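Listed here are the chains, written in short residue letters.
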Amino acid sequence: MTTFTPVAPETAPSSGTVLTGKRRIAFASFVDENYLPGFLALLRSLALSNPGVCEDFVVLHDDLKPSSIARIRALHPRIVLRRVDAEHYDSYVKGDQDNYLVRKAYFILDIFKLRDYDTVITLDTDMVVLGDLGELLQLREGLAAVPQFFYGQHKLNSGLLVIQREYLSDAFCAKIDQVGRSGGYELDKHDQGILNAVLDGDFVRLDSRYNFVKRRLSGDLPVPDDTAILHFTGRHKPWQGGEAGYAQAEDRWREFEMGDAEFHAAYLSKGNLHHDLLVHYGTPHVRRTGDVEAARKVAAAHIAAGEYQDAVDILSGVRIPLDEAWPHEILGHALMSVSRHEEAKTQLLLATAAPNRAATAYARLAQMAWVHGDNAEALKYATAGLTVDPTHRSSRLWAQRAAAVPAQEQGAAEDQLAHVAFYMDRQGNAGDKLLPESVRLAFGPDFTSRRWHSVHAHRLFDKAALERVNARRGLVIGGGGLFIPDTMPNGNSAWQWNVPDEHLRAIDVPIVVFAVGFNAFDGQSYRAQRFNESLRLLVEKASFFGLRNHGSIAKVRSLLPPELHDKVVFQPCPTTVMRQLVPGWSDPLHREDTVLLNAAYDRAGLRFGHDYGHFLAEIAKAVRGIGAHTEVRCVAHSLDDERIAFDLRREHGISLPVIPMYDFSNDEIRETYAKTRLVIGMRGHAGMIPFGVGTPIISLISHPKMAYFLSDIERPEWGVSVHERNLGAVLTERALDILDHHSRTVADVHDRQELLWKATQENATRIRTILGR
């Protein structure tokens, strides 16, 4: 009999994460009524032993009652119900169809029909999880299992399988079906018979601690401390009375035989809690007990996910003692994020009474005062924060903003355009620092206050700001991915520009939305109703509404009524045509023999998932491979970007010089990118800025916007997912090919740029007509 030879699919990403290639992982079990108590214990054990892990859990079943399904859903927020394929019974089963082992055998057949995931981890319902499963979640190749204890290394125990995409295929299902129909395998007794026949020992061998069978503990031996998964093989299950000689093992199972109240409290006592699990268990716990500390944890999780109103609701539903500073500070944070500033101020002032929360509370008070345009009040609170903690970074930032002397405007109002943008602070993100100037250059060579009136997107757009804008000849909104829910949350618009609807309606000069991006990560969401209402009003009011990539156009159009779709048009980010915009620009005659590497760490969980260790190891391979030909340097757009250099040195012994671009002027940013030979960047503007000055790029894709940009210029091969299995080899091969054919690639960059420049010129003609000059 021939064994199966897996072939990896050509398209790495699975549905839902096609753009970033982020792996979708799921656990899976076959569950029936008889084994339901075991499955409920399994779910509890998984949460308590791995509190930071929450992936989809696929429940294959054929007879579960609605009440049983409700009990399952109460224990896990991401249950996916699938019925098993009844045709298997007609094809194979000749005995008792109520036999659990028979039906579980077909679970193994059905599991390989899942197409929604890149990795599936199967768990038997007679298992409990006792330890960290991180190693299993990080596996990326083959079909992994623990060898059978009684039969040596050749056969696997199918109680735990870690299955990768190449096995979740029609070809593998066909092989299973062929072997099953050929006979000779006792499907009514052994669900692993077919798999062992198909694989013939060709599987990745896991340590026995990931499927530690009960029979190894005969004679009432204790469970080894390093056991990650304990498997109660045999006929006698703990919830059915157990079996003599295994008392210590069964005691471990009974640790997870508990009611919901006890389970919720046990989970909340853990550290490193996953947002979905914390909210799922913490919300009913808080409602039942009024536990203030639990409410604080749940609210903080909501805030971290951009669910600000949910955070307000959970903390407003409990009585917070006056001397409990941390819950007051979290509630204040949530209230200010939905623009309930007076209530927020009360909560934050209460929080300043505790030394360990005072600096953060003062910084939030300073932020609110700054948002309302009161620099004196902002400076007072920021200084108080620094008095409590001289090292407090946020307090220092708000002190600097509040103390900054605004540049004196040199032009007359009637000659100026108002410009809503995110104006970056010193040592802020280099890409965001360059953006406002780049937008202005698209309207003419003078980007100074003679022609422009600055409106910081994060400050409240109040009546005074409205009057100042209406005194200008037009309003330009642009400078980055302003459509993102959590950079500077507010309850007025639910995106970065803090504009109430009434003031947006009252703008009576032409509005030009220019090269804005829809910047939500995979897994991020907006407060749909408030954002949608603000977005629709903005599109209705705008005379020109241009988004910087077709991916953003599709996202925004999906949120609008059909009659507004045609108003949303393509306007590339001006950084991508920088060579055409900067007065007196000339391409470099000579380039340094360097490759610049950039990595981003904001929202790292959304970027990397479980794959950061893999990413770092693969980048180390690439740095060594590319570094054998050309010097590799780290370029940091923000302070946090330097982490790649620290981690490479600590984990892989690689030292890279760091270019602190966050400290550079705009001219220095452009010059640095223009004189290198290649930029490998994870940030969107670590791709768009070098491209704009004519330098070849390879994007490390961890956010859809990079894939959107590469699609627009018809060069998807200039990007590679951070989750790519062979990232190091792919990156090295592509980089060396660019370096070996550098002149050709630079010419291609220039050619691709012409497409974007043509679109920009066409839009400029239309915008000049709108603005009257």
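That block above? That's the structure.
Owing to the predicted nature of the structure, the values given are computational and were not obtained by experimental measurement.

**Some details on the packing of aromatic side chains**
Counted under the stated rule, the structure contains 24 aromatic pairs. Both rings, one in Phe112 and one in Phe172, keep their centres 4.8 Å apart while their planes meet at 55°; by these two values the pair is tilted. Pair noted here: Phe112 is in the loop between helix H4 (100-111) and strand S4 (119-123) and Phe172 is in helix H6 (residues 170-182), with a separation of 60 residues, a long-range link. Feature note: the residues Phe461, Phe483, Trp495, Trp497, Phe518, Phe531 and Phe545 constitute an aromatic cluster, connected by ring pairs. Against the face of Phe203 rests Arg205, its NZ or CZ located 4.2 Å from the ring centre.

**Re unusual backbone geometry**
The backbone of Ala515 shows a phi angle near 60°, a positive value even though the residue is not glycine. Here Ala515 falls in the buried class, since its relative accessible area comes to 1%. The residue Glu714 is not glycine, and still its phi comes out positive at about 60°. Within the secondary structure layout, Glu714 lies in the loop between helix H29 (704-712) and strand S23 (719-721).

**Structural notes on the sheet that holds strand S2 (residues 56-61)**
Taken together, the seven strands give an open sheet; going across it, the order is S3-S2-S1-S4-S7-S6-S8, and neighbouring strands pair in mixed fashion. The strands lining the two open edges of the sheet, one partner per strand, are strand S3 (79-83) and strand S8 (204-205). Note: S4 against strand S7 (residues 156-164), five bridges, orientation antiparallel. Among the inter-strand pairings, Val120 is bridged to a residue of S7, identified as Ile163.

**Remarks on the packing of helix H16 (residues 375-388) against helix H17 (residues 393-403)**
Between H16 and H17, the least distance of the axes is 8 Å, while the angle of their chain directions is 150°. In terms of orientation, H16 and H17 fall into the roughly antiparallel class. In the crossing of H16 with H17, the sense of the turn from one axis to the other is left-handed. Judged by residue contacts, Asn375, Ala378, Leu379, Ala382, Gly385 and Leu386 of H16 engage Ser395, Arg396, Trp398, Ala399, Ala402 and Ala403 from H17.

**Remarks on the nonpolar core**
Phe483, Trp497, Phe545 and Leu700 are the most contacted members of the largest nonpolar core, which has 108 residues in total. Considering each element in turn, this core owes the most residues, eight residues, to helix H25 (residues 612-627). What Phe545 contacts, discounting residues up to four positions off in sequence, is Phe483, Val513, Leu535, Leu538, Val539, Val556, Lys567, Val568 and Val569. Core analysis: the second largest hydrophobic core is formed by 55 residues, Leu40, Val53, Leu137 and Leu277 among them.

**Some details on the side chain of Asp647**
Residue position: Asp647 is located in helix H26 (residues 643-652). Polar contacts involving the side chain of Asp647 include one to the side chain of Arg650, which spans 2.9 Å. Beyond its immediate chain neighbours, meaning those up to four positions away, Asp647 contacts Tyr601, Tyr612, Leu616 and His652.

**Section: the pairing of strand S16 (residues 544-547)**
Of the two faces of S16, the one carrying Phe544 and Gly546 and the one carrying Phe545 and Leu547 are both buried. Of the strand pairs in this sheet, strand S15 (residues 511-518) and S16 are connected by three bridges, and their pairing is parallel. Paired with Val516 across the two strands is Leu547, which belongs to S16. Where S16 lies against strand S17 (residues 568-570), three bridges are found, and the strand directions are parallel. Note on S17: the bridge partner recorded for Gly546 is Val569.

**Focus: helix H18 (residues 430-441)**
Count 3.6 residues to each turn of an α-helix, and residues three or four apart come out pointing the same way. The first and last C-alpha atoms of H18 sit 17 Å apart over 12 residues, in line with the 16 Å expected at 1.5 Å per residue. Of the residues flanking the start of H18, the one acting as N-cap is Asn429, its side-chain oxygen 2.8 Å from the backbone nitrogen of Gly431.

**Regarding the pattern of salt bridges**
Two side chains bearing opposite charge may form a pair once their charged atoms approach each other closely. According to the stated counting rule, one finds 46 salt bridges in the structure shown. Here Glu563 and Arg536 are joined by a salt bridge, their closest N and O atoms 3.9 Å apart. One end of the pair, Glu563, is in the loop between helix H22 (550-557) and S17; the other, Arg536, is in helix H21 (residues 528-541), with 27 residues separating them in the sequence. Taking relative accessible area as the criterion, Arg536 reaches 36% and is therefore assigned partly exposed. A salt bridge links Asp602 to Arg603; the nearest nitrogen and oxygen atoms lie 2.9 Å apart. By sharing partners, the salt bridges in this structure join Asp602, Arg603, Arg607, Asp641 and Arg683 into a single network.

What counts, and where the lines are drawn
- Residues numbered from 1 in each chain as written.
- Predicted model: local features only at pLDDT ≥ 70, side-chain atom pairs only at ≥ 80, totals over all residues.
- Heavy atoms only, no water.
- Phe/Tyr/Trp six-rings, centres within 6.5 Å; stacked < 30°, edge-to-face > 60°.
- Helix = DSSP H or I, 4+ residues; strand = E, 2+ residues; numbered from the N terminus.
- Lys NZ or Arg CZ within 6 Å of the ring centre and 35° of its normal.
- Buried < 20%, exposed > 50% of the residue type's maximum accessible area, 1.4 Å probe, protein only.
- Pairing = 2+ DSSP bridges.
- Axes fitted to C-alpha atoms, helices over the stretch in contact; angles between N-to-C directions.
- Parallel < 35°, antiparallel > 145°, perpendicular 65-115°, else oblique.
- Left-handed = near helix turned anticlockwise from the far one by under 90°.
- Contact = heavy atoms within 4.5 Å.
- Core = buried A, V, L, I, M, F, W, Y, C linked by side-chain atoms within 4.5 Å.
- Polar contact = N/O pair within 3.5 Å; in protein donor to acceptor, adjacent residues only side chain to side chain.
- Expected span 1.5 Å × (residues − 1).
- Salt bridge = Lys/Arg side-chain N within 4 Å of Asp/Glu carboxyl O.

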